[in-house]
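Remarks on the overall topology
For reference, the chains in residue letters:
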Amino acid sequence: MTETTQFIIYADGSCKRNPGPGAAAVVITTPGGAIVKEFVRAFRDTTNNRMELIAVISALKAVPRGDIRIVTDSQYVVKGITGWITSWKAKGWLTAQRQPVLNKDLWQELDALASAHVGTLTWQWTRGHAGTPGNERADALAQQAAEEFCAHAHTHP
């Protein structure tokens, strides 16, 4: 039997002037807390929920196999992927109110990546700004990138 590598992945998104400039950050750690890799993606015109989704999508693309735990402070992401998505798909991507699911393109991409993941995939919500080191790091990276993108957009038309 082969042993799988386990990672704890912190994913966070940030958006200025929601909608507006935003960023998605990922911090990949060992179970002991050592940072293995971190990265950020910035976008000119987006929303906070899109950035939260892009962060977890980016995490799954970075670690497509192994036993991983994705930690996020987004209840939207955790509740969506562990519960709501089943109903959305059964209703043809409509909400309980029969409205189109917002960010359907990203939910479909996340669903496909989660389904294709080889190994155990666990989703964990953590309270934001509560001192969880990996979450604080991902938040800081996303905030900084969104602010830099916002400042750049203002100084260069």
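Residues numbered from 1 in each chain as written. Predicted model: local features only at pLDDT ≥ 70, side-chain atom pairs only at ≥ 80, totals over all residues. Heavy atoms only, no water.

Turning our attention to the pattern of salt bridges. Overall, the coordinates contain 5 salt bridges when judged by the stated rule. The residue K16 makes a salt bridge to E147 at a minimum N-O spacing of 3.4 Å. Here K16 is found in the loop between strand 1 (6-15) and strand 2 (20-29), whereas its partner E147 is found in helix 4 (residues 133-155), with 131 residues between them in sequence. A salt bridge links R50 to D105; its shortest N-O distance comes to 3.0 Å. In this pair, R50 sits in helix 1 (residues 48-62) while D105 sits in helix 3 (residues 104-116), placing the two residues 55 residues apart along the sequence. Note on R50: relative accessible area 23%, which makes it partly exposed. (Salt bridge = Lys/Arg side-chain N within 4 Å of Asp/Glu carboxyl O. Helix = DSSP H or I, 4+ residues; strand = E, 2+ residues; numbered from the N terminus. Buried < 20%, exposed > 50% of the residue type's maximum accessible area, 1.4 Å probe, protein only.)

For the pair helix 2 (residues 75-90) and helix 3, the least separation of the axes is 11 Å and the interaxial angle reads 95 degrees. It follows that helix 2 is roughly perpendicular to helix 3 by the angle criterion. In contact with Y76, V77, G80, I81, I85, W88 and K89 of helix 2, helix 3 contributes W107, L110 and D111. (Axes fitted to C-alpha atoms, helices over the stretch in contact; angles between N-to-C directions. Parallel < 35°, antiparallel > 145°, perpendicular 65-115°, else oblique. Contact = heavy atoms within 4.5 Å.)

For the rest of this paragraph, the subject is the packing of helix 1 against helix 3. If you want to describe how two helices pack, look at the angle between their axes and the distance between the axes. Interaxial distance between helix 1 and helix 3 falls to 10 Å at its minimum, and their mutual angle equals 25 degrees. Looking at the two axes, helix 1 sits roughly parallel to helix 3. For the element pair helix 1 and helix 3, the recorded crossing hand is left-handed. Mapping the contact onto sequence places R50, L53, I54, V56, I57, L60 and K61 in helix 1 and D105, L106, W107, E109, L110, L113 and A114 in helix 3. Class assignment of the residues belonging to the contact of helix 1 with helix 3 gives a composition of 10 nonpolar, no polar and 4 charged. (Left-handed = near helix turned anticlockwise from the far one by under 90°. Nonpolar A, V, L, I, M, F, W, Y, C, P; charged D, E, K, R; others polar.)

For the rest of this paragraph, the subject is the sheet that holds strand 4 (residues 67-72). Ordered in space as 3-2-1-4-5, the 5 strands form an open sheet in which the pairing is mixed. Every other strand in the sheet has two partners, leaving strand 3 (35-46) and strand 5 (121-125) as the edge strands with one partner each. Looking at each pair of strands side by side, their axes are set apart by 20 degrees on average, direction ignored. Of the strand pairs in this sheet, strand 2 and strand 3 are connected by 9 bridges, and their pairing is antiparallel. Residue pairing in the sheet places I28 in a bridge with K37 of strand 3. This element, helix 1, spans strand 1, strand 2, strand 3, strand 4 and strand 5 of the sheet and lies at about 155 degrees to strand 1. The sheet strands contacting helix 2 are strand 4 and strand 5, and the helix crosses strand 5 at an angle near 140 degrees. (Pairing = 2+ DSSP bridges.)

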